[in-house]
Amino acid sequence: IVFAMGADYERIARGMEMARRAAAAAGRDPDGLQLGAWINAVVHPDLDTARAAVRGGLAAFAHFSGFAGMKTDAMEPALRKAARQLRASYDLRTHGQAGAAHAQALDAEFIDRFGIVGPLETVVPRFERLAQLGLDFCRVIPGSRDAAPDVVSTSMLHLATEVRAAVAGSVTRA
């Protein structure tokens, strides 16, 4: 199971628990599940640059929460605001682009909570915390379609080296 619910620790923890309960109810071994998450992440020493590079990808995933039938009233305030906003304004012609009006409307609080952005000292603990949940893997979206190539390539290098090594060294499994 791959969760597409942002990098919010509590939301992923609830999703994992729900998946395990559903597996048990279906007569399956919950410990046999492989659980992962799609995570929008950009490592950059300048937080505003990281936010700018990730916002289009983050909007692409977050807009699923605003689809018809989704119960936005039951969502926490930050997600509810974004979901309703994206439901009303998402433009598929600019899907995945940070420069899209719907992506520009996402505020810093939302980006910081549902994405993982900023310098290594911010990014590493966020990934470590997700790993400690028991996620088996993360599929990282390393930037928006129109993100600056130098920002994305440098971020990918950090993710593949420092972040990966730190997380692998911090995970202890029973």
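One structure accompanies this document, and this report is about it. No experiment lies behind these values; they were computed from the predicted model shown.

## Focus on the packing of aromatic side chains
Where two aromatic rings form a pair, the distance of their centres and the angle of their planes describe that pair. For the coordinates displayed, the defined rule picks out 1 aromatic pair. Between the aromatic rings of phenylalanine 110 and phenylalanine 114, the centroid separation amounts to 4.6 Å while the plane-to-plane angle is 25°, which identifies the pairing as stacked. Highlighted residues: phenylalanine 110 and phenylalanine 114, both in helix H5 (residues 108–114), separated by 4 residues, approximately one helical turn. Given the relative accessible area of 2%, phenylalanine 114 is considered buried. Residue placement shows arginine 129 over the ring face of tyrosine 9; its charged tip is 3.6 Å from the ring centre.

## Digging into the side chain of arginine 55
With respect to the secondary-structure elements, arginine 55 resides in helix H2 (residues 47–62). Within the buried core, arginine 55 has no salt-bridge partner, and the shortest N-O distance to an opposite charge, that of aspartate 48, equals 7.3 Å. With residues up to four places along the chain from it excluded, the contact list for arginine 55 reads Ala98, Ala103, Gln104, Leu106, Ile111 and Ser144.

## A closer look at the nonpolar core
One broad rule of soluble globular proteins: the nonpolar side chains tend to lie buried together. Counting residues in each nonpolar core, the largest one holds 24 residues, and the members touching the most others are Ile12, Ile39, Ile116, Phe127, Leu130 and Val163. Listing elements by their share of this core, those giving two or more residues are helix H1 (9–25), strand S2 (36–43), helix H6 (120–132) and helix H7 (149–170). Examining the composition of this core, we find that 5 residues originate from one element, H6, more than from any other. Apart from residues lying up to four places away in sequence, isoleucine 12 is in contact with Met5, Gly6, Ala7, Ala37, Ile39, Leu130, Leu133 and Leu135.

## Considerations on the packing of H6 against H7
Contact geometry for H6 and H7: axes closest at 9 Å, N-to-C directions at 45°. What the angle tells us is that H6 and H7 run oblique. Considering how the two elements wind past one another, H6 and H7 form a crossing that is right-handed. Packed against H6, whose contacting residues are Leu120, Val123, Val124, Phe127, Glu128, Ala131 and Gln132, the element H7 presents His158, Leu159, Glu162, Val163, Ala166, Val167 and Ser170 at the interface. Among the residues making up the contact of H6 with H7, the classes are represented as 9 nonpolar, 3 polar and 2 charged.

## Remarks on H6
Compared with an ideal rise of 1.5 Å per residue, which puts 13 residues at 18 Å, H6 spans 18 Å between its outermost C-alpha atoms and is within 8% of the ideal. Within the span of H6, buried status applies to Val123, Val124, Phe127, Leu130 and Ala131. Buried residues along H6 cover an arc of 130° about the axis, so they all sit on one side. Of the residues one or two after H6, glycine 134 is the one with positive phi, at around 105°.

## Considering the pattern of salt bridges
Across all of its chains, the model carries 5 salt bridges by this definition. Note that aspartate 8 is salt-bridged to arginine 113, the shortest N-O span being 2.5 Å. With aspartate 8 in the loop between strand S1 (2–3) and H1 and arginine 113 in helix H5, this pair connects stretches of sequence that are 105 residues apart. Exposure remark for aspartate 8: the relative accessible area of 4% places this residue in the buried category. Residue arginine 113 is classed as partly exposed on the basis of its relative accessible area of 29%. Ionic pairing is found between aspartate 48 and arginine 51, a salt bridge with its closest N-O pair at 3.2 Å.

## As for the environment of serine 153
Tracing the sequence through the fold places serine 153 in helix H7. Through-space distance from the C-alpha of serine 153 to that of glycine 143 is 9.4 Å; in sequence the pair is 10 residues apart.

Definitions and limits used
Residues numbered from 1 in each chain as written. Predicted model: local features only at pLDDT ≥ 70, side-chain atom pairs only at ≥ 80, totals over all residues. Heavy atoms only, no water. Phe/Tyr/Trp six-rings, centres within 6.5 Å; stacked < 30°, edge-to-face > 60°. Helix = DSSP H or I, 4+ residues; strand = E, 2+ residues; numbered from the N terminus. Buried < 20%, exposed > 50% of the residue type's maximum accessible area, 1.4 Å probe, protein only. Lys NZ or Arg CZ within 6 Å of the ring centre and 35° of its normal. Lys, Arg positive; Asp, Glu negative; His and termini not counted. Salt bridge = Lys/Arg side-chain N within 4 Å of Asp/Glu carboxyl O. Contact = heavy atoms within 4.5 Å. Core = buried A, V, L, I, M, F, W, Y, C linked by side-chain atoms within 4.5 Å. Axes fitted to C-alpha atoms, helices over the stretch in contact; angles between N-to-C directions. Parallel < 35°, antiparallel > 145°, perpendicular 65-115°, else oblique. Left-handed = near helix turned anticlockwise from the far one by under 90°. Nonpolar A, V, L, I, M, F, W, Y, C, P; charged D, E, K, R; others polar. Expected span 1.5 Å × (residues − 1). Arc of directions from axis to C-beta.

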